[in-house]
Amino acid sequence: MRRPIIAGNWKMHNTTEKARELVTLLRPLVGTTGVEVVVCPPFTAIAATVNAAAGSNISVGAQDLFWEDWGAYTGEVSGPMLKDLGCRYVIIGHSERRQYFGETDATVNKKLHAALRHGLVPIVCVGETLAEREAGKTLDVVRRQVREGLKGLVPGQVETLVVAYEPVWAIGTGRTATAADAQEVIAFIRETLRAMYGEEAKATRIQYGGSVKPENITELMAQPDIDGALVGGASLDAISFAAIVNYQQK
Ligand code: PGA
(Lines give C-alpha, C1' and ligand atoms only; values in the text may rest on other atoms or scores of the structure.)
Protein backbone atom coordinates (compact mmCIF):
# COMPACT_ATOMS: atom_id res chain seq x y z
CA MET A 1 0.00 0.00 0.00
CA ARG A 2 3.04 2.30 0.21
CA ARG A 3 4.39 3.13 -3.23
CA PRO A 4 8.20 2.97 -3.21
CA ILE A 5 9.91 6.34 -3.67
CA ILE A 6 13.52 6.73 -4.77
CA ALA A 7 14.95 10.23 -4.76
CA GLY A 8 18.31 11.50 -5.96
CA ASN A 9 19.85 14.34 -3.97
CA TRP A 10 22.33 16.00 -6.31
CA LYS A 11 23.61 18.29 -3.53
CA MET A 12 25.84 21.10 -4.87
CA HIS A 13 26.43 19.45 -8.24
CA ASN A 14 25.33 20.07 -11.83
CA THR A 15 24.95 23.22 -13.89
CA THR A 16 21.83 23.60 -16.04
CA GLU A 17 23.56 21.92 -18.96
CA LYS A 18 24.69 18.94 -16.86
CA ALA A 19 21.24 18.64 -15.32
CA ARG A 20 19.63 18.49 -18.75
CA GLU A 21 22.14 15.86 -19.90
CA LEU A 22 21.59 13.70 -16.83
CA VAL A 23 17.79 13.78 -17.09
CA THR A 24 17.91 13.09 -20.82
CA LEU A 25 19.98 9.96 -20.15
CA LEU A 26 17.80 8.94 -17.23
CA ARG A 27 14.35 9.32 -18.84
CA PRO A 28 14.34 6.18 -21.00
CA LEU A 29 16.00 4.14 -18.25
CA VAL A 30 13.33 4.75 -15.60
CA GLY A 31 10.28 4.80 -17.85
CA THR A 32 8.61 1.59 -16.81
CA THR A 33 8.61 1.22 -13.09
CA GLY A 34 6.05 1.38 -10.32
CA VAL A 35 8.54 3.37 -8.28
CA GLU A 36 8.10 7.11 -7.75
CA VAL A 37 11.29 8.68 -9.13
CA VAL A 38 12.46 12.10 -7.92
CA VAL A 39 15.57 14.14 -8.61
CA CYS A 40 16.57 17.10 -6.44
CA PRO A 41 18.89 19.54 -8.25
CA PRO A 42 20.35 22.70 -6.76
CA PHE A 43 17.96 25.68 -6.99
CA THR A 44 19.73 27.05 -10.06
CA ALA A 45 19.09 23.90 -12.10
CA ILE A 46 15.48 23.26 -11.05
CA ALA A 47 13.85 24.99 -14.03
CA ALA A 48 16.09 23.20 -16.55
CA THR A 49 15.48 19.87 -14.83
CA VAL A 50 11.69 20.31 -14.77
CA ASN A 51 11.85 21.13 -18.44
CA ALA A 52 14.00 18.14 -19.33
CA ALA A 53 11.80 15.81 -17.27
CA ALA A 54 8.47 17.00 -18.71
CA GLY A 55 6.22 14.10 -19.73
CA SER A 56 8.50 11.50 -18.10
CA ASN A 57 8.26 9.38 -14.99
CA ILE A 58 10.68 11.73 -13.19
CA SER A 59 9.50 14.39 -10.73
CA VAL A 60 11.58 17.22 -9.36
CA GLY A 61 12.29 18.32 -5.80
CA ALA A 62 14.31 21.05 -4.12
CA GLN A 63 16.96 20.47 -1.47
CA ASP A 64 15.63 23.04 1.01
CA LEU A 65 13.13 25.88 1.40
CA PHE A 66 12.55 28.78 3.75
CA TRP A 67 9.47 28.87 5.99
CA GLU A 68 8.25 32.37 5.16
CA ASP A 69 6.60 32.91 1.78
CA TRP A 70 7.98 36.37 0.93
CA GLY A 71 9.95 39.14 2.56
CA ALA A 72 13.33 40.54 3.45
CA TYR A 73 15.22 37.23 3.74
CA THR A 74 18.24 37.67 1.51
CA GLY A 75 19.34 34.48 -0.17
CA GLU A 76 16.34 32.37 0.79
CA VAL A 77 13.89 30.54 -1.48
CA SER A 78 10.26 29.93 -0.50
CA GLY A 79 7.56 27.34 -1.10
CA PRO A 80 5.59 29.46 -3.60
CA MET A 81 8.80 30.01 -5.59
CA LEU A 82 9.45 26.27 -5.76
CA LYS A 83 5.86 25.58 -6.79
CA ASP A 84 6.20 28.22 -9.46
CA LEU A 85 9.16 26.30 -10.94
CA GLY A 86 7.26 23.01 -11.04
CA CYS A 87 8.76 21.36 -7.96
CA ARG A 88 6.65 18.68 -6.30
CA TYR A 89 8.98 17.63 -3.48
CA VAL A 90 11.37 19.27 -1.06
CA ILE A 91 14.09 17.78 1.14
CA ILE A 92 14.06 19.24 4.66
CA GLY A 93 16.63 18.94 7.45
CA HIS A 94 19.32 17.04 5.58
CA SER A 95 22.19 16.32 7.97
CA GLU A 96 24.48 18.59 5.94
CA ARG A 97 22.03 21.44 6.58
CA ARG A 98 21.95 20.56 10.27
CA GLN A 99 25.74 20.23 10.46
CA TYR A 100 26.91 23.20 8.36
CA PHE A 101 23.97 25.60 8.35
CA GLY A 102 22.64 25.43 11.87
CA GLU A 103 19.33 23.72 11.17
CA THR A 104 17.55 22.39 14.23
CA ASP A 105 14.43 20.34 14.86
CA ALA A 106 12.61 23.66 15.33
CA THR A 107 13.59 25.03 11.90
CA VAL A 108 12.85 21.65 10.34
CA ASN A 109 9.35 21.82 11.79
CA LYS A 110 8.72 25.32 10.44
CA LYS A 111 9.94 24.25 7.00
CA LEU A 112 7.79 21.13 7.10
CA HIS A 113 4.66 23.19 7.71
CA ALA A 114 5.63 25.65 4.98
CA ALA A 115 6.08 22.80 2.48
CA LEU A 116 2.71 21.26 3.32
CA ARG A 117 1.00 24.66 3.17
CA HIS A 118 2.10 24.93 -0.45
CA GLY A 119 1.34 21.38 -1.50
CA LEU A 120 4.96 20.25 -1.68
CA VAL A 121 5.73 16.71 -0.54
CA PRO A 122 8.30 17.02 2.27
CA ILE A 123 11.16 14.54 2.53
CA VAL A 124 12.32 15.09 6.10
CA CYS A 125 15.73 13.68 7.04
CA VAL A 126 16.62 12.30 10.45
CA GLY A 127 19.58 10.26 11.67
CA GLU A 128 22.27 9.93 14.29
CA THR A 129 25.96 10.78 14.13
CA LEU A 130 28.66 8.16 14.65
CA ALA A 131 29.33 9.41 18.20
CA GLU A 132 25.64 9.15 19.03
CA ARG A 133 25.44 5.62 17.64
CA GLU A 134 28.53 4.52 19.53
CA ALA A 135 27.11 5.98 22.73
CA GLY A 136 23.97 3.87 22.23
CA LYS A 137 21.83 6.97 21.67
CA THR A 138 20.52 6.24 18.17
CA LEU A 139 16.89 5.69 19.13
CA ASP A 140 16.84 8.64 21.56
CA VAL A 141 18.18 10.99 18.91
CA VAL A 142 15.83 9.78 16.22
CA ARG A 143 12.84 9.90 18.59
CA ARG A 144 13.64 13.52 19.45
CA GLN A 145 14.08 14.47 15.78
CA VAL A 146 10.75 12.87 14.88
CA ARG A 147 8.80 14.25 17.84
CA GLU A 148 10.14 17.78 17.48
CA GLY A 149 10.68 17.98 13.74
CA LEU A 150 7.41 16.36 12.73
CA LYS A 151 5.04 17.83 15.29
CA GLY A 152 1.76 19.60 14.67
CA LEU A 153 0.56 17.64 11.64
CA VAL A 154 -3.14 17.16 11.01
CA PRO A 155 -4.85 14.09 9.53
CA GLY A 156 -4.14 13.80 5.84
CA GLN A 157 -0.66 15.30 6.19
CA VAL A 158 0.94 12.31 7.87
CA GLU A 159 0.30 10.08 4.88
CA THR A 160 1.73 12.66 2.46
CA LEU A 161 4.94 12.97 4.40
CA VAL A 162 8.13 11.14 3.41
CA VAL A 163 10.80 10.58 6.06
CA ALA A 164 14.39 9.67 5.21
CA TYR A 165 16.42 7.84 7.83
CA GLU A 166 20.02 8.77 7.09
CA PRO A 167 22.62 7.77 9.65
CA VAL A 168 25.15 10.60 9.33
CA TRP A 169 28.10 8.19 9.47
CA ALA A 170 26.81 6.41 6.33
CA ILE A 171 26.50 9.51 4.14
CA GLY A 172 29.14 9.77 1.45
CA THR A 173 31.42 7.40 3.34
CA GLY A 174 30.75 4.18 1.44
CA ARG A 175 29.69 2.73 4.77
CA THR A 176 26.05 1.59 4.64
CA ALA A 177 23.99 0.60 7.62
CA THR A 178 23.16 -3.09 7.39
CA ALA A 179 19.68 -3.68 6.06
CA ALA A 180 18.73 -5.09 9.46
CA ASP A 181 20.02 -1.99 11.31
CA ALA A 182 18.20 0.30 8.90
CA GLN A 183 15.00 -1.72 9.27
CA GLU A 184 15.23 -1.55 13.07
CA VAL A 185 15.50 2.24 13.18
CA ILE A 186 12.93 2.75 10.44
CA ALA A 187 10.40 0.53 12.22
CA PHE A 188 11.09 2.60 15.34
CA ILE A 189 10.43 5.82 13.40
CA ARG A 190 7.12 4.41 12.19
CA GLU A 191 6.22 3.39 15.73
CA THR A 192 7.09 6.90 17.00
CA LEU A 193 4.87 8.40 14.31
CA ARG A 194 2.08 5.97 15.20
CA ALA A 195 2.27 7.04 18.83
CA MET A 196 1.92 10.67 17.67
CA TYR A 197 -0.67 10.30 14.94
CA GLY A 198 -2.27 6.86 15.07
CA GLU A 199 -2.84 4.45 12.23
CA GLU A 200 -2.24 7.00 9.47
CA ALA A 201 1.48 6.49 10.14
CA LYS A 202 1.14 3.15 8.36
CA ALA A 203 0.87 5.11 5.12
CA THR A 204 3.94 7.33 5.71
CA ARG A 205 6.79 6.36 3.45
CA ILE A 206 10.17 6.03 5.11
CA GLN A 207 13.33 5.92 3.04
CA TYR A 208 16.83 4.84 3.91
CA GLY A 209 19.74 7.03 2.86
CA GLY A 210 23.52 6.76 3.17
CA SER A 211 25.76 5.17 0.53
CA VAL A 212 22.88 3.52 -1.34
CA LYS A 213 24.20 1.82 -4.49
CA PRO A 214 22.95 -0.68 -7.09
CA GLU A 215 24.70 -3.38 -5.01
CA ASN A 216 22.80 -2.81 -1.77
CA ILE A 217 19.38 -1.48 -2.83
CA THR A 218 17.71 -4.87 -3.26
CA GLU A 219 18.43 -6.01 0.27
CA LEU A 220 17.38 -2.66 1.71
CA MET A 221 14.09 -2.63 -0.21
CA ALA A 222 13.33 -6.17 0.93
CA GLN A 223 12.90 -4.92 4.51
CA PRO A 224 9.25 -4.55 5.51
CA ASP A 225 9.43 -0.93 6.67
CA ILE A 226 11.84 0.49 4.08
CA ASP A 227 9.84 2.21 1.35
CA GLY A 228 12.56 3.76 -0.75
CA ALA A 229 15.92 5.47 -0.76
CA LEU A 230 17.45 8.92 -0.72
CA VAL A 231 20.52 8.64 -2.89
CA GLY A 232 23.43 11.11 -2.99
CA GLY A 233 26.60 10.18 -4.88
CA ALA A 234 25.09 7.37 -6.96
CA SER A 235 22.32 9.67 -8.24
CA LEU A 236 24.83 11.76 -10.21
CA ASP A 237 25.32 8.95 -12.69
CA ALA A 238 22.32 7.98 -14.85
CA ILE A 239 23.27 4.31 -15.11
CA SER A 240 23.75 3.76 -11.39
CA PHE A 241 20.69 5.80 -10.39
CA ALA A 242 18.58 3.88 -12.92
CA ALA A 243 19.92 0.57 -11.59
CA ILE A 244 18.81 1.65 -8.10
CA VAL A 245 15.36 2.71 -9.33
CA ASN A 246 14.98 -0.57 -11.21
CA TYR A 247 15.94 -2.75 -8.23
CA GLN A 248 12.84 -4.93 -8.79
CA GLN A 249 14.02 -5.97 -12.22
CA LYS A 250 17.25 -7.54 -10.99
P1 PGA B 1 25.22 9.36 -0.28
O2 PGA B 1 24.33 10.59 0.26
O3 PGA B 1 24.27 8.45 -1.03
O4 PGA B 1 26.25 10.00 -1.17
O5 PGA B 1 25.79 8.69 0.92
C6 PGA B 1 23.05 10.36 0.77
C7 PGA B 1 22.42 11.67 1.19
O8 PGA B 1 23.13 12.54 1.73
O9 PGA B 1 21.21 11.89 1.00
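Structure first, text after, so check above.
Residues numbered from 1 in each chain as written. Predicted model: local features only at pLDDT ≥ 70, side-chain atom pairs only at ≥ 80, totals over all residues. Heavy atoms only, no water.

Trainee: So what exactly am I meant to see when it comes to the sheet that holds strand 3 (residues 58-62) here?
Mentor: Note on sheets: strands pair through backbone hydrogen bonds, and any given pair is parallel or antiparallel. One closed barrel accounts for 8 strands, arranged 1-2-3-4-5-6-7-8; its pairing is parallel. Within the sheet, the average angular offset between the axes of one strand and its neighbour, ignoring direction, is 25°. With respect to the sheet, helix 10 (residues 238-245) is in contact with strand 1 (5-9), strand 2 (36-40) and strand 8 (228-231), its orientation differing from that of strand 1 by roughly 160°. (Pairing = 2+ DSSP bridges. Helix = DSSP H or I, 4+ residues; strand = E, 2+ residues; numbered from the N terminus. Axes fitted to C-alpha atoms, helices over the stretch in contact; angles between N-to-C directions. Contact = heavy atoms within 4.5 Å.)

Trainee: Would you mind showing me how to read the site of the ligand here?
Mentor: As a matter of local geometry, the ligand sits amid 13 residues, with K11, H94, E166, G172 and S211 nearest to it. E166 places a polar side-chain atom, nitrogen or oxygen, 2.7 Å from an oxygen atom of the ligand. The contact in question runs from an oxygen atom of the ligand to an N or O atom on the backbone of G172, over 2.6 Å. About the coverage of the ligand: the protein hides 95% of its 280 Å² of free accessible area. Classifying every residue of the shell around the ligand gives 4 nonpolar, 7 polar and 2 charged. (Near = heavy atom within 4 Å. Polar contact = N/O pair within 3.5 Å; in protein donor to acceptor, adjacent residues only side chain to side chain. Areas by Shrake-Rupley, 256 points an atom, 1.4 Å probe, with all protein chains shown as cover. Nonpolar A, V, L, I, M, F, W, Y, C, P; charged D, E, K, R; others polar.)

Trainee: Just to check I follow, could you spell out helix 10 for this structure?
Mentor: Helical geometry note: an α-helix holds 3.6 residues per turn, so side chains three or four residues apart project in the same direction. Most of helix 10 sits inside the fold, with 6 of its 8 residues counted as buried. Within helix 10, the full set of buried residues consists of A238, S240, F241, A242, I244 and V245. (Buried < 20%, exposed > 50% of the residue type's maximum accessible area, 1.4 Å probe, protein only.)

Trainee: How should helix 7 (residues 138-149) be read in this particular structure?
Mentor: For helix 7, spanning 12 residues, the distance from its first C-alpha to its last is 16 Å, which sits close to the expected 16 Å at 1.5 Å a residue. Taken together, the buried positions of helix 7 are T138, V141, V142, Q145, V146 and G149. For helix 7, the buried positions fall inside an angular range of 125° around the axis, keeping them on one side. Contacts made by the buried residues of helix 7 are with helix 4 (95-100), helix 5 (105-117), strand 5 (121-126), helix 6 (130-134), strand 6 (162-165) and helix 8 (179-197). (Expected span 1.5 Å × (residues − 1). Arc of directions from axis to C-beta.)

Keep in mind that these numbers describe shape and distance, not what the molecule does.
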